[in-house]
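What follows is each chain in one-letter form.
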Amino acid sequence: MYDYVSFDYKIVIEYHGDAWHANPRIYKPSDKLNVRKVLSEKTACEVWEEDMKKQRHIESLGFKYFVVWESDWISDRNLVIERLKNEFRIHI
């Protein structure tokens, strides 16, 4: 399951929560993620590997993949929107 999928444009956009997806600007690979304790206690590196597997899968189907980090969205959502528009050459 992906956060947003456009079959017309073959685009996938994922919104990654900083804690849930272990933002690499915040977490070290060996850090344990308490937010995921409900499911299991994983390291940041394990989460990154899961996310990368998901990304590679959708890209293998011909989709472009774009991640929006929670902290980026909070600090400057207009910049995130501009990055999306430039990356995919679309009008939002």
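Worth saying up front: this structure is predicted, and the values here are computed from it rather than measured.

A.B. asks: What is the right way to look at the sheet that holds strand E3 (residues 64-69) in this model?
C.D. replies: Strand pairing in a sheet relies on backbone hydrogen bonds. The paired strands run either parallel or antiparallel. Taking strand neighbours across the sheet as the criterion, the three strands line up as E1-E2-E3 in an open arrangement whose pairing is mixed. Strand pairing shows two members of the sheet lacking a second neighbour, strand E1 (4-6) and E3, which therefore form its edges. On average, each strand axis in the sheet is inclined to that of its neighbour by 15°, with strand direction left out of account. Contacts between helix H1 (residues 44-60) and the sheet are confined to strand E2 (11-16) and E3, with E3 contributing the most and set at about 145° to the helix.

A.B. asks: Before we go on, may I ask you to explain the environment of Trp20 in this structure?
C.D. replies: Among the secondary structure elements, Trp20 is positioned in the loop between E2 and H1. Taking the C-alpha atoms as reference points, Trp20 and Glu82, 62 residues apart in sequence, are found 25 Å from one another.

A.B. asks: How should I be thinking about the pattern of salt bridges in this particular structure?
C.D. replies: When the charged atoms of two side chains with opposite charge come close together, those side chains can pair. For the coordinates displayed, the defined rule picks out four salt bridges. A salt bridge links Glu14 to Lys54; the nearest nitrogen and oxygen atoms lie 2.9 Å apart. With Glu14 in strand E2 and Lys54 in helix H1, this residue pair connects regions lying 40 residues apart in the sequence. Looking at Glu14, the relative accessible area reads 2%, which means it is buried. Overall, Lys54 belongs to the partly exposed group, its relative accessible area being 25%. One salt bridge connects Lys42 with Glu50, and the closest N-O pair in it is separated by 2.2 Å.

Conventions we followed
Residues numbered from 1 in each chain as written. Predicted model: local features only at pLDDT ≥ 70, side-chain atom pairs only at ≥ 80, totals over all residues. Heavy atoms only, no water. Pairing = 2+ DSSP bridges. Helix = DSSP H or I, 4+ residues; strand = E, 2+ residues; numbered from the N terminus. Axes fitted to C-alpha atoms, helices over the stretch in contact; angles between N-to-C directions. Contact = heavy atoms within 4.5 Å. Salt bridge = Lys/Arg side-chain N within 4 Å of Asp/Glu carboxyl O. Buried < 20%, exposed > 50% of the residue type's maximum accessible area, 1.4 Å probe, protein only.

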